[in-house]
Amino acid sequence: MNKRRGSGNRHEGGLAPGASTDRTSVICPLLTMRQPIRRLIARKLGLLRFRMMSMEQVFLYIWRNQNWGSSETVSGHGSTFAQTGMLRAALPGLFKKLGTKVLLDIACGEYNWMSAIRPSVDSYIGADIVPGLIDENQIRHGDRQTQFICLDITRDLLPNADVAFCRDCLVHLSFRDIGKTLKNLKRSKIEYVVTTTFPATTANSDIVTGDWRPLNVEAAPLRFPKPIKIISEGTKSYGEKCMGVWRTSDLSVREGEHLTSTLTRWQAAGSQ
Ligand SMILES: C[S@@+](CC[C@H](N)C(=O)[O-])C[C@H]1O[C@@H](n2cnc3c(N)ncnc32)[C@H](O)[C@@H]1O
């Protein structure tokens, strides 16, 4: 996925309009079948590259190369205004109900659609692991009530806030890194965690950090308790995509530790 700001062109998984009149594709249909294979190989190589990078390097690479770039935002197609309509309508009410004065939007990305929600809280802190993205956000949107800071959700001390809003972040992290994130959230003073979940997913798969999969946080190995509230985003490509709300105190540290140690054993067994 390349940067396509303003181009509006997107031909994922298919040929561009007019390709059927291409002489090559008429002469040898096999050649046209190469494109998905090439894409698959590129994807596998990309993931191999991620395995050799630190988490910071992975997301810096994705940002620099506009891997998720839609024509609207570098944070990807899930972060457009069109995709977040239902969420934008529901969030001000949710934040009010949770008594949110300070909102920590952790993994804020480009602060595209969130800029429309911002007035519903007294103080907004957007945080992301990519320094250049944070610098750009701060220059464009920073003011007395809106600030952006660079931090790693898996290990850095989180600022005090009422709610940690963590959308479309855990879905990009390996189980191990999710385990670290849970531990880190638990040691913060943040009362509520609001995060992405796909309740229809029955079996969660592990990934290389930087990749993506639909994640049901209530399913193994995460096993979050029932959310105290759930908001549908209205998109259904991988089953309904939702934001669930949990008390941070309900996400037990043992779960995070257990997750990390179970995976360590599992990975050690696999590498023998
Ligand atoms: C798909 S974007 C989501 C952006 C935003 N939450 C939204 O809903 O539009 C995921 C973001 O997570 C950030 N991220 C990934 N790992 C992170 C980590 N360990 N700590 C903080 N941010 C992280 C990436 O840099 C990226 O900007």
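Residues numbered from 1 in each chain as written. Predicted model: local features only at pLDDT ≥ 70, side-chain atom pairs only at ≥ 80, totals over all residues.

**Student:** Is there a simple way to explain the overall build of the protein chain in this structure?
**Tutor:** Counting secondary structure elements, the protein chain contains eight helices and seven strands. In the protein chain, which comprises 272 residues, the share counted as buried stands at 33%. (Helix = DSSP H or I, 4+ residues; strand = E, 2+ residues; numbered from the N terminus. Buried ≥ 20, exposed ≤ 12 C-beta atoms within 10 Å, placed from the backbone.)

**Student:** I tried to follow the sheet that holds strand β5 (residues 192-197) on my own but got confused; where do I start?
**Tutor:** Pairing in this open sheet of seven strands is mixed, and the strands run β3-β2-β1-β4-β5-β7-β6 from one edge to the other. Sheet topology places β3 (146-150) and β6 (229-232) at the edges, where each strand pairs with a single neighbour. Neighbour-to-neighbour, the strand axes of this sheet turn through a mean angle of 20°, independent of strand direction. Bridge analysis of β5 against strand β7 (residues 242-247) gives six bridges, and the strand direction is antiparallel. Looking at the pairing, threonine 196 lines up with methionine 243 of β7. (Pairing = 2+ DSSP bridges. Axes fitted to C-alpha atoms, helices over the stretch in contact; angles between N-to-C directions.)

**Student:** Which parts of the structure should I look at to understand the site of the ligand?
**Tutor:** In the vicinity of the ligand there are 19 residues, among which Ser79, Ala107, Gly109, Ile129 and Ile153 approach most closely. Looking at the shell around the ligand, its residues break down into nine nonpolar, six polar and four charged. (Near = placed C-beta within 6 Å. Nonpolar A, V, L, I, M, F, W, Y, C, P; charged D, E, K, R; others polar.)

**Student:** What exactly am I supposed to notice about unusual backbone geometry here?
**Tutor:** Peptide bonds are mostly trans, and most non-glycine residues show a negative phi. Proline 221 follows alanine 220 through a cis peptide bond whose omega is 0°. Residues other than glycine seldom take positive phi values, yet tyrosine 111 does so here, at roughly 55°. With respect to the helices and strands, the residue tyrosine 111 is situated in the loop between β1 (102-106) and β2 (123-128). Classification of tyrosine 111 by C-beta neighbours within 10 Å gives buried; the count is 25. A positive phi angle is found at aspartate 168, which is not glycine, with a value near 55°. A residue is classified by how many C-beta atoms lie within 10 Å of it, and aspartate 168, with 19 of them, is partly exposed.

**Student:** Honestly, the environment of tyrosine 124 in this entry has me stumped. Any pointers?
**Tutor:** Position of tyrosine 124 relative to the elements: it lies in strand β2. With 26 C-beta atoms counted inside 10 Å, the residue tyrosine 124 sits in the buried group. For the pair formed by tyrosine 124 and aspartate 143, sequence separation is 19 residues and the distance between their alpha carbons is 9.8 Å. Tyrosine 124 has contacts with Leu103, Asp105, Arg118, Gln145 and Thr146, leaving out every residue within four places of it along the chain. (Contact = placed C-beta atoms within 7 Å.)

**Student:** Please clarify how the pairing of β7 should be interpreted in this entry.
**Tutor:** Along a regular strand, successive side chains alternate from one face of the sheet to the other. When β6 meets β7, the two strands line up antiparallel, connected through four bridges. Bridge pairing links serine 232 to cysteine 242 in β7.

**Student:** Would you take a moment to explain the nonpolar core for this structure?
**Tutor:** A general feature of soluble globular proteins is that nonpolar side chains tend to end up buried together. Core analysis: the largest hydrophobic core is formed by 56 residues, its most contacted members being Leu103, Leu104, Ile106, Val163, Ala164, Cys166 and Val193. Tallying contributions element by element places helix α4 (residues 55-64) first for this core, with five residues. Not counting the four nearest positions on each side in its chain, isoleucine 106 is found in contact with Ala127, Ile153, Ala164, Phe165, Cys166 and Cys169. (Core = buried A, V, L, I, M, F, W, Y, C linked by C-beta atoms within 7 Å.)

**Student:** Help me out: how do you make sense of the confidence of the model for the protein chain in this one?
**Tutor:** Where the model shows low pLDDT, its predicted coordinates should not be examined in detail. Of all residues in the protein chain, 80% attain a pLDDT of 70 or more, and the chain-wide mean is 84. Low confidence marks residues 1-22, where pLDDT is under 50. Its contacts with residues over four positions away, or in another chain, come to 21 contacts. (pLDDT = per-residue confidence, 0-100.)

**Student:** What exactly am I supposed to notice about the pairing of β5 here?
**Tutor:** Summarising burial for β5: six of the six residues are buried, a large majority. The alternating pattern of β5 places Tyr192, Val194 and Thr196 on one face and Val193, Thr195 and Thr197 on the opposite face, and all of these are buried. Direction of pairing for strand β4 (residues 163-166) relative to β5: parallel, over a ladder of four bridges. Each residue of the ladder has a partner; that of alanine 164, found in β5, is valine 193. Handedness of the β4-helix α7 (residues 175-186)-β5 crossover: right-handed. (Right-handed = clockwise from strand over helix to strand, strands pointing away.)

**Student:** Sorry if this is basic, but what is going on with helix α5 (residues 85-97) here?
**Tutor:** Note on helix geometry: an α-helix contains 3.6 residues per turn, so any two residues three or four positions apart are oriented the same way. Where α5 bends most, at leucine 91, the angle is about 35°, and the proline proline 92 comes one to four residues later. Turning to α5, its buried residues number three or more, namely Leu87, Leu91, Leu94 and Phe95. Remark: glycine 99 follows α5 within two positions and exhibits a positive phi of approximately 65°. (Bend = angle between axes of the 7 residues up to and from the residue.)

**Student:** What is the right way to read the environment of arginine 64 from this model?
**Tutor:** Here arginine 64 lies in helix α4. Judged by local crowding, arginine 64 falls into the partly exposed class, with 13 C-beta atoms found within 10 Å. Remark: the alpha-carbon pair of arginine 64 and valine 130, spanning 66 residues in sequence, is separated by 9.6 Å.

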